[in-house]
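# Commentary on secondary and tertiary structure
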Amino acid sequence: MEITSEKYSVQYDETMQTVFCRGALRLAGMEDYAPIVQLLDQVLEDHPAILKLNLQELEFLNSSGINVLSKFVLKVRDKEDIKLIVNGSTTIPWQERSLKNLQRLMPSLELTWD
Amino acid sequence: MVQILGDFSEHLPVSKEYLTIVFSPSSAPLQQRWHNNGLSADFMADYFAAFFPRSQDTVSKINSKVEVKSAVSFIANELLENAMKFNDSTTEYPISITLQLHTDSLVFLATNSLKAQTVDHFQSFIQEIMTADPGDLLIRQLEKNAEEDSPDSSGLGLLTMMSDYLAKIGWKFETVQEDPEIITVTTMVYLMM
């Protein structure tokens, strides 16, 4: 499963059980994010025991995007039997500032840095 | 009417380095110009990164080129997204964003017109975010958005600036024209360096 545009891509690699978000996500509000939300919902239907969210190439995320990722994390939290690992990059400053919020939403979430 | 809320300073020292971008709301529909927010924010970020790093003795994280670029790009983009979203498109009043470089801070000023009936709602939201811990409020808001399936991001941009970037924010509401009435809001964001 993959959504790509000139500026960003969101891809689910089933064999790696990993969602990759890349580029700059700054879509205009929740309506424009709907296809991405749909892809993330499908990932949850796949119900992997361990799920990775790889953000190491996600250079930019606007507040609507923060909303989308946070909602996804809360949905995973509600499943209870999925272990979520978020991979961030220390070379992208916003991630060091903001990814801790995902962990506050879901304390069992494992946050790893490259 | 002039109303000041939050950390808004009307007596900023004069800045010799600043950049202002002005948008005429009527020249293109919002959707068509949405990507301009990103372009403008990134331009401001690249432009001001040239002045960094500043002195070596600063304690703030926001002193390297890469940190400044990232912070300016996020904050300017959120301010422009809000300005475009809440602008009263029935007026011809321009939307503008200014970024000033001061000795110890970066100051953003974003102005847009606002529908009179949305002012009260906006001001009560501001009162709420000024009285609570921004980090806790951000987490509460994210939880609330997930439950309510809210169509917009409900102040997440402002809360993220305050919580994750330790920004101080203030607002000035002004009636700039009486008949027909035009109300503007200027959002001021201070980022300490």
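Residues numbered from 1 in each chain as written. Chains lettered and ligands numbered in written order. Predicted model: local features only at pLDDT ≥ 70, side-chain atom pairs only at ≥ 80, totals over all residues. Heavy atoms only, no water.

### Here's the deal with the overall build of chain A
Scanning chain A from terminus to terminus reveals 4 helices and 6 strands. Moving toward the C terminus, one meets the helices and strands of chain A in the order β-β-β-α-β-α-β-α-α-β. For 114 residues, the compact-globule estimate of 2.2 N^0.38 gives 13 Å, and chain A sits close to it at 13 Å. Viewed in the frame of its principal axes, chain A has a C-alpha envelope of about 35 × 25 × 25 Å. Relative to its 114 residues, chain A shows a buried fraction of 58%. Counting contacts in chain A only where the partners sit at least 6 residues apart, residues at least 24 apart contribute 69% of the total. When the accessible surface of chain A is totalled, it reaches about 5000 Å², and 47% of it is carbon and sulfur. If you average the places of the 12 positive and of the 17 negative side-chain charges in chain A, the two averages end up 8 Å apart. (Helix = DSSP H or I, 4+ residues; strand = E, 2+ residues; numbered from the N terminus. Rg over C-alpha atoms; globule rule 2.2 N^0.38 Å. Buried < 20%, exposed > 50% of the residue type's maximum accessible area, 1.4 Å probe, protein only. Contact = heavy atoms within 4.5 Å. Areas by Shrake-Rupley, 256 points an atom, 1.4 Å probe, with all protein chains shown as cover. Lys, Arg positive; Asp, Glu negative; His and termini not counted. Charge placed at Lys NZ, Arg CZ, Asp CG, Glu CD.)

### Here's the deal with the overall build of chain B
Along the backbone of chain B there are 5 helices and 6 strands. When its helices and strands are written in sequence order, chain B yields β-β-α-α-β-β-α-α-α-β-β. Over its C-alpha atoms chain B spans a radius of gyration of 17 Å, differing by no more than 12% from the 16 Å that the globule rule assigns to 193 residues. Structurally, chain B occupies a C-alpha span of about 50 × 35 × 35 Å along its principal axes. Evaluated residue by residue, chain B yields a buried proportion of 52% over its 193 residues.

### Some points on the interface of chain B and chain A
Every contact between the two is made by 32 residues of chain B and, on the other side, 26 residues of chain A. Sorting the residues of chain B by area buried against chain A places Ile139(B), Leu142(B) and Asp164(B) first, and these three jointly supply 21% of that buried surface. Close ionic contact of Asp164(B) with Lys100(A) constitutes a salt bridge, the shortest N to O distance being 3.6 Å. Where chain B meets chain A, there are 13 residue pairs in polar contact (both at pLDDT 80 or more). For the side of chain B that touches chain A, the elements supplying multiple residues, two or more each, are helix H1 (30-49), helix H2 (65-86), helix H4 (134-148) and helix H5 (156-164) of chain B. Split into classes, the residues belonging to the side of chain B that touches chain A amount to 11 nonpolar, 11 polar and 10 charged. (Buried area = accessible area lost by both parts, 1.4 Å probe. Salt bridge = Lys/Arg side-chain N within 4 Å of Asp/Glu carboxyl O. Polar contact = N/O pair within 3.5 Å; in protein donor to acceptor, adjacent residues only side chain to side chain. Nonpolar A, V, L, I, M, F, W, Y, C, P; charged D, E, K, R; others polar.)

### Quick notes on H2(B)
Relative to the 32 Å expected for 22 residues at 1.5 Å per residue, H2(B) spans 31 Å between its end C-alpha atoms, a close match to the ideal helical length. The element H2(B) is extensively covered by neighbouring structure, given that 16 of its 22 residues are classed as buried. (Expected span 1.5 Å × (residues − 1).)

### Regarding the confidence of the model for chain B
Across chain B, pLDDT averages 91, with 95% of residues at or above 70. Scored as a whole, the predicted complex attains pTM 0.95, and scored at its interfaces, ipTM 0.95. (pLDDT = per-residue confidence, 0-100.)

### A look at the pairing of strand E5 (residues 168-177) of chain B
Residue and element names in this part refer to chain B. Summarising the sheet, strand E1 (residues 2-6) and E5 pair through 5 bridges and their orientation is antiparallel. Bridge pairing links Leu5 to Trp171 in E5. Judged from the 9 bridges that link them, E5 and strand E6 (residues 182-192) form a sheet pairing that is antiparallel. If you follow Lys172 over to E6, its bridge partner there is Thr186. (Pairing = 2+ DSSP bridges.)

### Focus on the sheet that holds strand E5 (residues 83-88) of chain A
All names here are of chain A. An order of E1-E2-E3-E4-E5-E6 is seen for the 6 strands of this open sheet, with the pairing classed as mixed. The sheet is open, and its two borders are formed by strand E1 (2-4) and strand E6 (110-113), each paired with just one other strand. Shown here is a sheet whose adjacent strand axes are inclined to one another by a mean of 15 degrees, direction ignored. Bridge count for E5 against E6 is 4 bridges, and the pairing is parallel. Bridge assignment links Asn87 to a residue of E6, and that residue is Thr112. Across the sheet, helix H1 (residues 29-46) lies against E1, strand E2 (8-13), strand E3 (18-25) and strand E4 (50-61), angled at about 10 degrees from E2, the strand it touches most. Together, E4 and E5 form the strand contacts of helix H2 (residues 63-79), whose direction differs from that of E4 by roughly 175 degrees. (Axes fitted to C-alpha atoms, helices over the stretch in contact; angles between N-to-C directions.)

### A few points about unusual backbone geometry
Residues and elements named next belong to chain B. Here Phe52 and Pro53 are connected by a cis peptide whose omega angle stands at 0 degrees. With respect to the secondary-structure elements, Pro53 resides in the loop between H1 and H2. For the bond from Asp179 to Pro180, the omega torsion is 0 degrees, close enough to zero to count as cis. Mapping Pro180 onto the fold places it in the loop between E5 and E6.

### Focus on the sheet that holds E5(B)
Residue and element names in this part refer to chain B. The sheet built from 6 strands is open, its strands ordered E1-E5-E6-E4-E3-E2 with antiparallel pairing. Of all the strands in the sheet, just E1 and strand E2 (17-23) have a single pairing partner and so form its edges. Each strand of the sheet is rotated relative to its neighbour by a mean of 15 degrees, with strand direction disregarded. Pairing geometry for strand E3 (residues 95-101) and strand E4 (residues 105-114), over 6 bridges, is antiparallel. Residue pairing for E4: Ile97 is matched across the bridge by Ala110. Of the strands in this sheet, E2, E3, E4 and E6 are in contact with H2, which crosses E4 at around 10 degrees. Here H5 sits on the sheet in contact with E5 and E6, set at roughly 140 degrees to E5.

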